[in-house]
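Observations on the model geometry
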Amino acid sequence: MPPLALRKGPGAFRKWLFVGLGVSTFGLYGVAFVVDRFGQHERAVPSDVLVVLGARVLPGGQPSPALRARIEKAVELYHQGLAPRLLFSGGVGVNPPAEARVMRDLAVSLGVPPDACLLEDQSHSTEQNARFSSELLRSLGARRVMVVSDPYHLLRARQYFRLHGFEVATSPAFLTERNLRFVDRVYWTVREAAALLLHPRVLLARKPS
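Residues numbered from 1 in each chain as written. Predicted model: local features only at pLDDT ≥ 70, side-chain atom pairs only at ≥ 80, totals over all residues. Heavy atoms only, no water.

1. Observations regarding the packing of aromatic side chains
What describes a pair of aromatic rings is the distance from one ring centre to the other and the angle between the planes of the rings. The tally for this structure, following the rule as stated, stands at two aromatic pairs. Connected via pairs of aromatic rings, a cluster forms that spans Tyr 152, Tyr 187 and Trp 188. Over the face of the ring belonging to Phe 38 we find Arg 43, whose NZ or CZ atom lies 4.0 Å from the ring centre. (Phe/Tyr/Trp six-rings, centres within 6.5 Å; stacked < 30°, edge-to-face > 60°. Lys NZ or Arg CZ within 6 Å of the ring centre and 35° of its normal.)

2. Considering the pairing of strand S1 (residues 49-53)
Counting buried positions along S1 gives five out of five residues, so the element sits mostly inside the fold. Inspection of the sheet shows S1 paired to strand S6 (residues 144-149) by four bridges, in the parallel sense. Looking at the pairing, Val 49 lines up with Val 145 of S6. Two strands pair when backbone bridges link them, and S1 and strand S4 (residues 86-89) are joined in this way by four bridges, in the parallel orientation. For Val 51, the partnering residue across the bridge sits in S4 and is Leu 87. (Buried < 20%, exposed > 50% of the residue type's maximum accessible area, 1.4 Å probe, protein only. Helix = DSSP H or I, 4+ residues; strand = E, 2+ residues; numbered from the N terminus. Pairing = 2+ DSSP bridges.)

3. Things to note about the environment of His 153
Within the secondary structure, His 153 sits in the loop between S6 and helix H5 (154-163). When its relative accessible area of 7% is taken as the criterion, His 153 is described as buried. For His 153, the contacting residues outside a window of four places in its chain are Leu 53, Arg 70, Thr 126 and Glu 192. (Contact = heavy atoms within 4.5 Å.)

4. A closer look at the side chain of Glu 99
By secondary structure assignment, the location of Glu 99 is in helix H3 (residues 99-109). Every residue in contact with Glu 99, bar those within four places of it in the chain, is listed here: Gly 54, Ala 55, Arg 56, Val 57, Leu 67, Gly 90 and Gly 91.

5. Remarks on the pairing of strand S5 (residues 117-120)
Across four bridges, the pairing between S4 and S5 is parallel. What sits directly across from Leu 86, in S5, is Cys 117. Note on the crossover from S4 through H3 to S5: the handedness is right-handed. (Right-handed = clockwise from strand over helix to strand, strands pointing away.)

6. Observations regarding the packing of helix H4 (residues 126-139) against H5
At a minimum axis distance of 9 Å, the contact between H4 and H5 shows a crossing angle of 45°. Here H4 is positioned oblique relative to H5, judged by the angle of their axes. Where H4 crosses over H5, the handedness of that crossing is right-handed. In contact with Thr 126, Glu 127, Asn 129, Ala 130, Ser 133 and Leu 137 of H4, H5 contributes Arg 156, Ala 157, Tyr 160 and Phe 161. Among the residues forming the contact of H4 with H5, the class breakdown is five nonpolar, three polar and two charged. (Axes fitted to C-alpha atoms, helices over the stretch in contact; angles between N-to-C directions. Parallel < 35°, antiparallel > 145°, perpendicular 65-115°, else oblique. Left-handed = near helix turned anticlockwise from the far one by under 90°. Nonpolar A, V, L, I, M, F, W, Y, C, P; charged D, E, K, R; others polar.)

7. Comments concerning the pattern of salt bridges
All told, the structure shown has eleven salt bridges when counted by the stated rule. In this structure, Arg 68 and Glu 72 form a salt bridge, with 4.0 Å as the shortest nitrogen-oxygen distance. Note that Arg 68 and Glu 72 are positioned in helix H2 (residues 65-79) at a spacing of four residues, about one turn of the helix. Residue class for Glu 72 comes out partly exposed when judged on its relative accessible area of 40%. Between Arg 156 and Glu 192 there is a salt bridge; the shortest N-O distance is 2.7 Å. A residue pair is termed long-range when its members are at least 10 positions apart, and Arg 156 in helix H5 and Glu 192 in helix H7 (residues 182-197) qualify at 36 residues. Overlapping salt bridges, with partners in common, bring together Asp 36, Arg 37 and Arg 185 in one network. (Salt bridge = Lys/Arg side-chain N within 4 Å of Asp/Glu carboxyl O.)

8. Focus: the side chain of Ser 89
With respect to the helices and strands, Ser 89 occurs in strand S4. In this structure Ser 89 comes out as buried when scored by relative accessible area, which is 0%. At 2.5 Å, the side chain of Ser 89 and the side chain of Glu 120 are in polar contact. Within the structure, Ser 89 has its side chain in polar contact with the side chain of Ser 123 (distance 3.4 Å). In this structure, Ser 89 is in contact with Val 52, Leu 53, Gly 54, Ala 100, Met 103, Glu 120, Ser 123, Asn 129 and Ser 133, ignoring residues within four places of it in sequence. (Polar contact = N/O pair within 3.5 Å; in protein donor to acceptor, adjacent residues only side chain to side chain.)

Written as structure tokens, this is what we have:
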């Protein structure tokens with residue numbers, strides 16, 4: 001038998017619908033606040049590998065501003081001696097070549113030795129970034145990785161790499177248009193919060209023991 005409130009007619013149904021929508025909205029924006037606060041903090045520590053997550057490649061194989069910002073931040077961390085290798089993760093999007101190859105070429109032009117660069121050039125999502133990269137990382141004996149991406153992206157990225165058994169540090173590429181422009185920052189942060197809420201297993205992933 002349905003609950004008493006639902007047997008009182010359309011008015012009660014609308015009331016509980018609005019309550020449900022309110023709770024869902026509060027949850028979404030609550031998680032969005034956590035996503036934003038997490039991404040705005042630098043958590044760089046010495047790690048086995050720097051993992052740089054891909055972003056859009058422009059026509060002609062040029063890096064988008066977001067992709068360039070991520071690489072410049074990763075190269076800065078590499079030159080600080082925080083990791084001996086960089087792993088670039090990202091497949092072919094709308095425009096070839098693979099995001100990983102564009103990132104590698106830009107990093108080498110900024111002074112990173114080619115033999116310090118590793119490629120994972122098949123992934124098309126954050127989940128695949130972590131899953132496909134984990135195979136390379138384990139072959140290197142890596143235990144702690146440092147993920148570099150846009151601030152809004154870092155919490156979800158950390159959670160996916162945790163699911164694959166890695167200790168994860170994060171470092172935000174602050175100087176990207178998605179972080180500097182307020183409307184873009186809100187849009188991408190809320191989008192990330194929704195993605196986390198839709199995947200509770202990812203949201204609740206714990207640090208490996």
